[in-house]
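# A look at the structure
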Amino acid sequence: MVQKPLLSEDGVLNVRALEKELAEAIEFDRVYKRTDEVKKRAIHTSANYDEFKNRVACANMKPITSKELKEVFKSRSLSTNLSYRKLAQPTNKETPREIPVKSDLRPPKTSAEFTATWKRYVISLDQKWRYLQLTKASGIARLFRADIDADLMVSIVQVMRQFWKSLNQNGYEEASFILSVLQAFSTVQRFQLILCFLSNQQLAEIEFLLDRVEQYAKLAEHKDPSSMLSDKRLSALRRAYGIKEPVKPTCT
């Protein structure tokens, strides 16, 4: 680019040309000093030449102000919301939810498979109970040997309580299975830590279930010491869950 002469043929000073030349000189000096400072810092802190080159190339970049950042995020948020609204427009078509029938269910191989099936596919009380029976108490103890989510454990307890209630609190095999599952929970390595995170209401549900099963055991008079409903095993479960023994009435 050809620079205009600072002095005209008549000896008049070209003020605009002088201002432009001074501004360019000041800008050149600023860029030079800024680049030199970045080079001196980058040569000691860059991991490789590419990083050094990139940092030097960015030495003269104009910093983004907070106002400009807000404008960027505002426009991006608006664009995202518009896209979401288009995707979220209601349609008349309903996607049917596929729920596997009982024949499609199989014993879970991992704790993740059990949790996913329990939360997504087995919906009704009967389905959940049958899935528990399919998994077996020994399977629960094996799958959740190291840890079990407290909410999942409480959910299983609630299902067992509701199912036991639907049977009018009657059924030896069902009562034995419920106690077997509760015992399986007590074998989890972090069981005591899990109990610490349960609310009083959740602990009360476990106690209520134990009380009702124990009442059935006494009415049915299952006195076999090896039975899951024996007084010895019921007492052991109460101790494991930190539940006190029911107070027996004293005769006066």
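Residues numbered from 1 in each chain as written. Predicted model: local features only at pLDDT ≥ 70, side-chain atom pairs only at ≥ 80, totals over all residues. Heavy atoms only, no water.

## Quick look at the confidence of the model for the chain
On average, residues of the chain score 78 in pLDDT, and 74% of them reach the 70 mark or higher. Taken element by element, the chain is modelled with least confidence in helix α3 (residues 66-87), mean pLDDT 58, and with most confidence in helix α6 (residues 137-143), mean pLDDT 95. Long-range and interchain partners of residues 94-102, a stretch whose pLDDT sits below 50, account for 11 contacts in this model, where long-range means more than four residues apart. (pLDDT = per-residue confidence, 0-100. Helix = DSSP H or I, 4+ residues; strand = E, 2+ residues; numbered from the N terminus. Contact = heavy atoms within 4.5 Å.)

## Some details on the nonpolar core
If you look at the biggest cluster of nonpolar residues, it comprises 46 residues, and the most contacted ones within it are Phe114, Trp118, Ile156, Met160, Leu182, Phe185 and Tyr241. Where this core is concerned, the elements lending two or more residues are α4 (111-120), α5 (125-135), α6, α7 (150-166), α8 (172-186), α9 (191-197), α10 (200-220) and α11 (231-241). It is α7 that contributes the most residues to this core, 10 residues altogether. Residues contacting leucine 182, with those up to four places away along its chain left out, are Val157, Met160, Leu209, Leu210, Leu237 and Tyr241. (Core = buried A, V, L, I, M, F, W, Y, C linked by side-chain atoms within 4.5 Å. Buried < 20%, exposed > 50% of the residue type's maximum accessible area, 1.4 Å probe, protein only.)

## Remarks on unusual backbone geometry
Of note in the backbone geometry, lysine 136 takes a positive phi value of approximately 75° without being a glycine. Structurally, lysine 136 can be placed in the loop between α5 and α6.

## Some points on α11
For α11, every residue scored as buried is listed here: Leu234, Ser235, Leu237, Arg238 and Tyr241. Angularly, the buried residues of α11 cover 160° about the axis, an arc narrow enough to put them on a single face. Opposite the buried face of α11, by more than 90 degrees, sit the exposed residues Lys232 and Arg239. Of the residues flanking the end of α11, it is glycine 242, one or two places downstream, whose phi is positive at about 70°. (Arc of directions from axis to C-beta.)

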